[in-house]
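# Notes for the structure review
Letter by letter, the chains look like this.
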Amino acid sequence: MPSIELAENGYIVTKYLEDELNEKRDVFTEINGKNSLYSKKYKPGDTIINNAYAETLRKIMTEGQDGFYKGKVAEDMIETIEGKGGIMTMQDLSEYNSIWRNPVRFEYKDYDIISMSFPSSGGVILGQMMKAIEKFDLSKIKHNSPRYVQLLTEIERRAFADRSDLMGDPDFMNLPVYEFMNESYVEDRMKNFSWEKATPSSEVKPGKVIFDESYETTHFSIIDKDGNSVSVTTTLNNSFGSKVYVENSGFFLNNEMDDFSSKPGYPNFFGVVGSEANSIQPNKRMLSAMTPTIVLKNEKPYLILGSPGGPSIITSVYQTILNVIEYKMDVNEAVSSPRFHHQWYPDLIVMEKEAYSYELDSILKSKNYLIVKLPIQEETLGVYKRSDIGAVDAILINDNGKVFGGADLRREHHSSTID
């Protein structure tokens with residue numbers, strides 16, 4: 001009901017939303033026409049009312065999944081898709097079902113970490129990276145120092161190499177999970193790491209795992225009065241998805257097909273290279289980077305977090321957990337601290353300007369690392385346009401049961417502290 005009321009009564013346009021809509025207006029108009037709800041010009045303080053979406057939510061509320069996958073909403077969707085040259089059918093929608101997957105669960109020192117399993121790569125890669133850094137004494141490595149950036153870059157490089165070649169929908173191949181974070185496997189992946197120089201991505205191949213056989217995302221973290229905790233990530237893929245708007249039902253269609261490897265060996269929108277393991281097939285789910293995560297301490301929720309940001313979701317969650325556990329930051333500092341990102345290819349470190357310094361650049365360049373400083377206004381060196389890395393929403397519960405909300409400064413959020 002709160003969502004229905006928000007759609008019916010409207011929500012206020014902020015400066016952030018105005019900028020987002022202005023940037024996309026030409027393509028909205030081209031695809032959906034000048035009279036489409038989001039093709040119109042809005043300014044801060046305006047109210048956007050979406051009665052069609054309120055009605056869609058009512059159908060889902062009263063009819064369950066049939067309110068979306070069958071009937072009027074489904075018909076509206078298929079009519080819109082066919083009108084744009086798409087090939088989806090009513091049968092495709094009616095045959096879709098959600099699948100429950102067991103989460104990934106692993107230990108890091110005295111903490112128990114629960115995250116998302118395949119077909120998201122997030123939890124598995126997070127586990128691999130946490131295990132890889134566990135043997136290093138971070139108390140002797142300054143946060144965001146050249147040494148720290150180098151270490152995390154090399155760990156991220158190897159994990160994303162595995163992601164590119166070995167990960168996909170577990171319904172289509174017998175995928176290992178905990179083998180990726182096995183101690184001997186992680187040690188083997190890091191054996192050619194050197195503090196003296198970069199390991200070129202061309203020399204980092206996907207690992208040998210034993211098989212039995214073969215911009216725009218939303219995250220929210222929630223805790224209730226009883227301590228029940230939820231970490232949820234949902235996505236349209238790019239900002240406003242495909243930009244195709246189902247006018248009569250009030251929502252945009254996603255462009256999650258881009259998360260498949262449409263051509264193995266070639267990068268997708270986010271510059272991530274994929275393989276046959278994540279190729280397009282009927283009834284197959286695409287590999288994602290979503291990493292909703294709950295960290296337990298003494299068997300109780302300690303840190304609840306996640307982020308939008310394509311492949312940088314994983315590195316954003318990774319660095320935030322390290323900020324809290326290893327560098328003892330409060331939750332607001334942890335989510336807002338400057339970040340950097342490496343994903344195997346393109347072979348470079350993408351770094352927020354607050355983390356960048358000429359000294360750091362000089363030291364890492366002497367070891368053959370290439371740094372690209374944000375913001376990037378146009379695609380360069382295989383990096384798409386962006387101004388920051390991730391936007392973590394986190395909740396921290398201290399040993400006394402006090403709850404702290406961490407709202408990333410990269411987005412329009414507000415923080416709170418609750419006793």
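Attention in this report is confined to the structure presented alongside it. Every value quoted in this text rests on a predicted model; they were computed, and no experiment measured them.

A count of helical and extended segments in the protein gives 12 helices and 16 strands. Counting every position in the protein, which comprises 419 residues, the buried fraction comes to 53%. Just so you have it, the protein exposes about 20,400 Å², and 51% of that area is on carbon and sulfur atoms.

Attention now moves to unusual backbone geometry. If a residue is not glycine, its phi is most likely negative; likewise, a peptide bond is most likely trans. With an omega dihedral of 15°, the bond running from F118 to P119 counts as a cis peptide bond. Topologically, P119 is positioned in the loop between β4 (111-115) and α7 (122-134). The omega torsion of the bond from L374 to P375 falls at 5°, within 30 degrees of zero and hence cis. Along the chain, P375 falls in the loop between β13 (371-373) and β14 (393-397). Positive phi, normally seen in glycine, also occurs at N283, with a value near 65°. When you line up the elements, N283 lands in the loop between β8 (251-252) and β9 (293-297). What makes N283 exposed here is its relative accessible area of 69%.

Let's shift gears to the packing of aromatic side chains. Where two aromatic rings form a pair, the distance of their centres and the angle of their planes describe that pair. In this structure the tally under the stated criterion is 19 aromatic pairs. Both rings, one in F240 and one in F252, keep their centres 5.4 Å apart while their planes meet at 65°; by these two values the pair is edge-to-face. With F240 in the loop between β6 (229-235) and β7 (245-246) and F252 in strand β8, this pair connects stretches of sequence that are 12 residues apart. Pair check on accessibility: F240 and F252 agree, each one buried. Ring pairing ties together the aromatic residues F28, Y38, F240, Y245 and F252, which thus form one cluster.

This next bit is on the packing of α7 against helix α10 (residues 312-325). In the contact formed by α7 and α10, the axes pass within 10 Å of each other and the chain directions differ by 40°. One element, α7, and the other, α10, form an angle in the oblique class. Helix-helix and strand crossings are classified by hand; for α7 and α10 the assignment is right-handed. Every residue of α10 that contacts α7 at G122, I125, L126, M129, M130 and I133 is listed here: I314, V317, Y318, I321 and L322. Here the contact of α7 with α10 is composed, by residue class, of 10 nonpolar, 1 polar and no charged.

This next bit is on helix α2 (residues 15-32). An α-helix turns once every 3.6 residues. As a result, residues three or four positions apart point the same way. Of all bends in α2, the biggest is about 50°, found at K24. Buried residues of α2: L17, E18, E20, L21, K24, R25, F28 and N32, and no others. Packed against the buried residues of α2 are β1 (11-12), β2 (47-48), β7 and β8. Phi for G33, located one or two positions after α2, is positive at around 95°.

Moving on, we come to the sheet that holds strand β11 (residues 340-341). One open sheet accounts for 3 strands, arranged β11-β12-β13; its pairing is mixed. Of all strands in the sheet, those bounded by a partner on one side alone are β11 and β13. Where strand β12 (residues 349-351) lies against β13, 3 bridges are found, and the strand directions are parallel. When the sheet's bridge partners are listed, V350 is paired in β13 with V372.

Now for the packing of helix α1 (residues 2-9) against helix α3 (residues 51-63). Contact pair α1 / α3: the axes reach a minimum separation of 7 Å and the direction vectors enclose 160°. When the axis of α1 is compared with that of α3, the two are roughly antiparallel. Our pair here, α1 against α3, has a crossing hand that is left-handed. Contacts from S3, I4, A7 and E8 in α1 reach N51, Y53, A54, L57, R58 and M61 in α3.

As a further point, take a nonpolar patch on the surface. A contiguous nonpolar patch, built from F220, I222 and V230 and spanning about 230 Å² of accessible area, is present on the exposed surface. When you line up the elements, V230 lands in strand β6. Judged by relative accessible area, which is 38%, V230 ranks as partly exposed.

A word on the pattern of salt bridges. With the rule as written, the count across this model stands at 22 salt bridges. The shortest N-O distance in the salt bridge between K109 and E326 comes to 2.7 Å. Residue E326 is classed as buried on the basis of its relative accessible area of 17%. Residue R339 pairs with D408 through a salt bridge whose shortest N-O separation is 2.9 Å. Here the residue R339 occupies a position in the loop between α11 (331-336) and β11, and D408 occupies one in the loop between β15 (403-407) and β16 (417-418), the gap between them amounting to 69 residues. Classification of R339 by relative accessible area gives buried; the value is 1%. Residues joined in a network through salt bridges with shared partners are E154, R157, R158 and D347.

With 7 bridges joining them, strand β5 (residues 217-223) and β6 adopt antiparallel strand pairing. Residue pairing for β6: F220 is matched across the bridge by V232. Counted between consecutive antiparallel strands, the loop separating β5 from β6 contains 5 residues, among which G227 sits at a positive phi close to 90°.

With respect to the helices and strands, H219 occurs in strand β5. A distance of 3.0 Å separates a polar atom in the side chain of H219 from a polar atom in the side chain of S221. Engagement of the side chain of H219 in a polar contact is seen with the side chain of T233, the distance being 2.8 Å. In contact with H219, not counting residues within four places along its chain, are S231, V232, T233, P292, L305, G306, S307, P308 and D393.

Cut-offs applied
In this convention, every chain numbers its residues from 1, walking through the sequence in written order. Local features in a predicted model are, by the rule used here, given only for residues with pLDDT of at least 70; side-chain atom pairs are given and counted only at 80 or more, and totals for whole chains, interfaces and linings are based on all residues. For the side-chain quantities, the full set of heavy atoms in the structure was used; hydrogens and water were omitted. Only DSSP runs of H or I reaching four residues or more are called helices, and only runs of E reaching two or more are called strands; each is numbered from the N terminus. Only protein chains enter the area calculation, which uses a 1.4 Å probe; residues under 20% of their type maximum are buried, those over 50% are exposed, and those in between are partly exposed. The method behind every accessible area is Shrake-Rupley, applied with a 1.4 Å probe, and residues are considered shielded solely by the protein chains displayed. Stacked, tilted and edge-to-face are the three classes assigned to paired rings of Phe, Tyr and Trp, where Trp is represented by its six-membered ring and a pair needs centres within 6.5 Å; plane angles under 30 degrees give stacked, over 60 edge-to-face, the rest tilted. All axes are obtained by fitting lines to C-alpha atoms, using only the stretch in contact for helices, and the reported angles, taken between N-to-C directions, cover 0 to 180 degrees. The scheme is simple: roughly parallel for angles under 35 degrees, roughly antiparallel for over 145, roughly perpendicular for 65 to 115, oblique for anything else. Handedness of a crossing follows from how the near helix is turned relative to the far one, being left-handed for an anticlockwise turn of less than a right angle and right-handed for a clockwise one. In this description, contact between two residues means that some pair of their heavy atoms is separated by no more than 4.5 Å. Think of it as three bins: nonpolar holds Ala, Val, Leu, Ile, Met, Phe, Trp, Tyr, Cys and Pro, charged holds Asp, Glu, Lys and Arg, and polar takes everything else, Gly as well. The reported bend at a residue is simply the angle between two axes, fitted to the 7 residues ending at it and to the 7 residues beginning with it. When DSSP finds two or more bridges between two strands, those strands count as paired. Only residues above 30% relative accessible area that lack a salt bridge enter a patch, with like-charged residues linked at up to 9 Å and the nonpolar side chains Val, Leu, Ile, Met, Phe, Trp and Tyr linked at up to 5 Å. Each salt bridge in this description consists of a side-chain nitrogen of Lys or Arg and a carboxyl oxygen of Asp or Glu lying within 4 Å of one another. Polar contact is the term for a pair of N or O atoms within 3.5 Å; when the atoms are in protein, one must be able to donate a hydrogen and the other to accept it, and sequence-neighboring residues count only if both atoms are side-chain atoms.

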